[in-house]
Amino acid sequence: MRLFIISNRLPVKVTRSSDGKFVFSRSEGGLATGLKSLDVDCEKHWIGWPGVCVEQKTEKDDICSQLEKNNYHPVFLSDRQYENYYEGYSNSTLWPLCHYFFAYTLYKKNFWESYREVNAVFCEEISRIVEPNDWVWVQDYQLMLLPGMLREKFPNLHIGYFHHIPFPSHELFRILPERVEILNGLLGADFVAFHIHDYMRHFISATERILHKNFNLDEVQMNDRVTRVDALPMGINYDLYHNVIADDKVHHAVEKTRLLFGDHKLIISVDRLDYSKGILHRLYGFASFLKNHPEYHGKVTLAMVIVPSRDHVGSYAELKTKIDEEIGSINGTYSTMNWTPVCYFYHGFSFEELVAMYYVADIALVTPLRDGMNLVAKEYVATKQDNPGVLILSEMAGASVELSDALLINPNDTDQIEQAICRALKMPLEEQRERLQRMQAILSVQTVNKWAADFMREWRQTAEKNKRLQKK
Ligand code: G6P
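Residues numbered from 1 in each chain as written. Predicted model: local features only at pLDDT ≥ 70, side-chain atom pairs only at ≥ 80, totals over all residues. Heavy atoms only, no water.

Enquirer: How should I be thinking about the overall build of the protein chain in this particular structure?
Expert: Within the protein chain one finds 17 helices and 17 strands. Relative to a compact globule of 472 residues, whose C-alpha radius of gyration would be 23 Å, the protein chain shows 23 Å and is just as compact. Among the 472 residues that make up the protein chain, the fraction classed as buried is 58%. Summarising the internal contacts of the protein chain: among those between residues at least 6 apart in sequence, 77% fall at separations of at least 24. Just so you have it, the protein chain exposes about 19700 Å², and 49% of that area is on carbon and sulfur atoms. Looking at the protein chain, you have 53 positive and 62 negative side-chain charges, and the mean spots of the two groups are 3 Å apart. (Helix = DSSP H or I, 4+ residues; strand = E, 2+ residues; numbered from the N terminus. Rg over C-alpha atoms; globule rule 2.2 N^0.38 Å. Buried < 20%, exposed > 50% of the residue type's maximum accessible area, 1.4 Å probe, protein only. Contact = heavy atoms within 4.5 Å. Areas by Shrake-Rupley, 256 points an atom, 1.4 Å probe, with all protein chains shown as cover. Lys, Arg positive; Asp, Glu negative; His and termini not counted. Charge placed at Lys NZ, Arg CZ, Asp CG, Glu CD.)

Enquirer: So what exactly am I meant to see when it comes to helix 3 (residues 79-98) here?
Expert: Structurally, the α-helix is built with 3.6 residues per turn, so residues lying three or four positions apart point the same way. Relative to the 28 Å expected for 20 residues at 1.5 Å per residue, helix 3 spans just 25 Å between its end C-alpha atoms, considerably shorter than the ideal helical length. Of all bends in helix 3, the biggest is about 35 degrees, found at Gly88. Counting buried positions over the 20 residues of helix 3 gives 17, a clear majority of the element. Of the residues trailing helix 3, Tyr100 is marked for its positive phi of about 70 degrees. (Expected span 1.5 Å × (residues − 1). Bend = angle between axes of the 7 residues up to and from the residue.)

Enquirer: Would you explain the site of the ligand in this entry?
Expert: By nearness alone, 13 residues border the ligand, and Arg9, Tyr86, Asp140, Gln142 and Arg310 come closest of all. At 3.5 Å, a side-chain N or O of Arg272 approaches an oxygen atom of the ligand. At 2.8 Å, a side-chain N or O of Arg310 approaches an oxygen atom of the ligand. Expressed as a share of its isolated accessible area of 370 Å², the protein-covered part of the ligand is 92%. Mapped by element, the contributors of at least two residues to the shell around the ligand are helix 1 (30-36) and helix 3. (Near = heavy atom within 4 Å. Polar contact = N/O pair within 3.5 Å; in protein donor to acceptor, adjacent residues only side chain to side chain.)

Enquirer: Help me out: how do you make sense of the pairing of strand 2 (residues 12-16) in this one?
Expert: Strand residues, when the strand is regular, have side chains that alternate between the two faces of the sheet. Strand direction decides the pairing type here: strand 2 and strand 3 (residues 22-26), joined by five bridges, are antiparallel. Directly across from Arg16, in strand 3, lies its bridge partner Phe22. The antiparallel pairing of strand 2 with strand 3 creates a hairpin that spans five residues between the two strands, and Gly20 there sits at a positive phi of about 85 degrees. (Pairing = 2+ DSSP bridges.)

Enquirer: Honestly, the environment of Val23 in this entry has me stumped. Any pointers?
Expert: Among the structural elements, Val23 can be located in strand 3. Owing to a relative accessible area of 37%, Val23 belongs among the partly exposed residues under this scheme. In this structure the C-alpha to C-alpha distance between Val23 and Thr257, which are 234 residues apart in sequence, comes to 28 Å. For Val23, the contacting residues outside a window of four places in its chain are Lys13, Val14, Thr15 and Ser17.

Enquirer: Looking at this structure, I do not really get the packing of helix 13 (residues 351-360) against helix 14 (residues 375-383). What am I missing?
Expert: In a packed pair of helices, the relevant descriptors are the angle between the two axes and the axis-to-axis distance. For the pair helix 13 and helix 14, the least separation of the axes is 8 Å and the interaxial angle reads 70 degrees. One element, helix 13, and the other, helix 14, form an angle in the roughly perpendicular class. Crossing geometry of helix 13 relative to helix 14 is assigned as right-handed. Counted together, Val355, Tyr358 and Tyr359 of helix 13 and Val376, Glu379, Tyr380 and Thr383 of helix 14 form the full contact between these two elements. Split into classes, the residues belonging to the contact of helix 13 with helix 14 amount to five nonpolar, one polar and one charged. (Axes fitted to C-alpha atoms, helices over the stretch in contact; angles between N-to-C directions. Parallel < 35°, antiparallel > 145°, perpendicular 65-115°, else oblique. Left-handed = near helix turned anticlockwise from the far one by under 90°. Nonpolar A, V, L, I, M, F, W, Y, C, P; charged D, E, K, R; others polar.)

Enquirer: Before we go on, may I ask you to explain the sheet that holds strand 11 (residues 225-231) in this structure?
Expert: Strands belonging to one sheet form pairs held by backbone hydrogen bonds; the direction of such a pair is parallel or antiparallel. On the basis of which strands lie adjacent, the open sheet formed by nine strands has the order 5-4-1-6-7-8-11-10-9 and mixed pairing. If you trace the sheet from one side to the other, it starts and ends with strand 5 (72-74) and strand 9 (215-216), each paired once. Here strand 8 (residues 191-194) runs beside strand 11; their pairing, made up of four bridges, is parallel. Residue pairing across strands places Ala193 opposite Asp230, the latter belonging to strand 11.

Enquirer: Sorry if this is basic, but what is going on with the pairing of strand 4 (residues 43-49) here?
Expert: Of all seven residues that make up strand 4, five are buried, and the element is covered over most of its length. Of the pairings in the sheet, the one linking strand 4 to strand 5 comprises three bridges and is parallel in character. Note that in strand 5 the partner of Ile47 across the bridge is His73.

Enquirer: I'm lost on a nonpolar patch on the surface in this one. Help?
Expert: A surface patch of nonpolar side chains, amounting to about 300 Å² of accessible area, comprises Phe102, Tyr107 and Ile175. Here Tyr107 is to be found in the loop between helix 3 and helix 4 (109-129). Tyr107 sits in the partly exposed class, given a relative accessible area of 41%. (Patch = residues over 30% accessible without salt bridge, like charges linked within 9 Å, V, L, I, M, F, W, Y side chains within 5 Å. Salt bridge = Lys/Arg side-chain N within 4 Å of Asp/Glu carboxyl O.)

Enquirer: Could you clarify how one ought to interpret the packing of helix 14 against helix 16 (residues 429-445) in this entry?
Expert: Two elements in contact, helix 14 and helix 16, have axes separated by 9 Å at closest approach and are oriented at 115 degrees. Put simply, helix 14 runs roughly perpendicular to helix 16. For the pair helix 14 and helix 16, the sense of crossing is left-handed. Residues Lys378, Val381 and Ala382 of helix 14 touch helix 16, and the partners they reach there are Leu436, Met439, Gln440 and Leu443. Its residues assigned to classes, the contact of helix 14 with helix 16 shows five nonpolar, one polar and one charged.

Enquirer: Honestly, the environment of Lys36 in this entry has me stumped. Any pointers?
Expert: By the element assignment, Lys36 lies in helix 1. Lys36 sits in the partly exposed class, given a relative accessible area of 36%. A C-alpha to C-alpha distance of 9.3 Å links Lys36 and Arg26, two positions 10 residues apart in sequence. Residue contacts for Lys36: discarding those within four places in its chain leaves Pro11, Arg26, Lys44 and Trp46.

In short, geometric facts, not functional conclusions.
Okay, structure coming up:
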């Protein structure tokens, strides 16, 4: 069996160094991080964009030869496609809409045309390498037309789709001018899955109301086949995070982090720069905590890691300015000669440094306004091992369904964030450990491999059913 994972971004990111050479590093974001450690028992290929726009054939060949050693097949985008498909329809139309930021949603004809064009480019690339019996697993909102395009070309191909971000309520989804094409695109798959039940429910309701198709429980009839849907929460590579402290490099990084923050209580926050992540709300909550609790001044530090992302999209660039200002204002107001309340990092960290921060941090503050899942919350819990720590988590993150032992907050309520920080700082160590253990018990079962195995199992069942239906 051969499995082709198709995603906008490959798990490896290519950048150009100052001397013009290509540098290969890991991609950021939940999808790439989660799927990279997927261990499936079959020949695995990955098709996606390598993160760099190149025009010259020699450069493309150079990148291809490096990536293809690992069965990664790059799809190259032109500058124009990058602007209109990636920054445009994917991240200025679909992303804000799916995250309930409909005032940020831009509707431009050339965005949509480019989205269709790039989905067709992916379809072409896949057509060059797949055989009719292969399994093609399409990932995420950037490629929602692809299942339908593939189905047209290969009526019997096995096609799956996983949606990594929220699927909004029908009331919101119907705003999208291209709602019919998008839904029909998804229904080209045999099996479509979402992180949580609510997103699945919204998809079913959108399909029923917009396409006037009726679901029979979890299935909808499509000519001579069915499309099945389900909710499967994506997990992490639990053992990797849980046992990471045994690694010498991590141990060393833990020592360094402890030395750096001394006996301060450390709150950690890690995100891509994105308005959906509630970074400003988190800062407002922390500022209010500092204002109302002078007894903690000099004793608590917020380490804020923000990984640059989509910085040419207007709404992201504006957010960066506001975050810089808010952090400047907090630090300007409260810093002393030997304490800076917010340690701000506008860059990623190595895996070892990141998990060391998770391990040391007393609190993880995860406050998205909307988030499909949020793997950072899961990584923090897993890395803790039997070290105490408290997860403060937004109830708007998909992860909150499984992680109900976190301190759950509504990120729009600054008082709640402030109170949760206080409660976490005062929580007895025994209670911290008990809560973590209960959450670890869930995460150690619901791993990324289990998620993939569950997906494959249901996908196979549906594919077999479709084969039977087509023989009739
Ligand atoms: C989210 C999306 C992914 C995306 C990632 C990083 O996790 O679900 O599809 O790859 O963000 O965003 P970027 O635009 O940098 O690929």
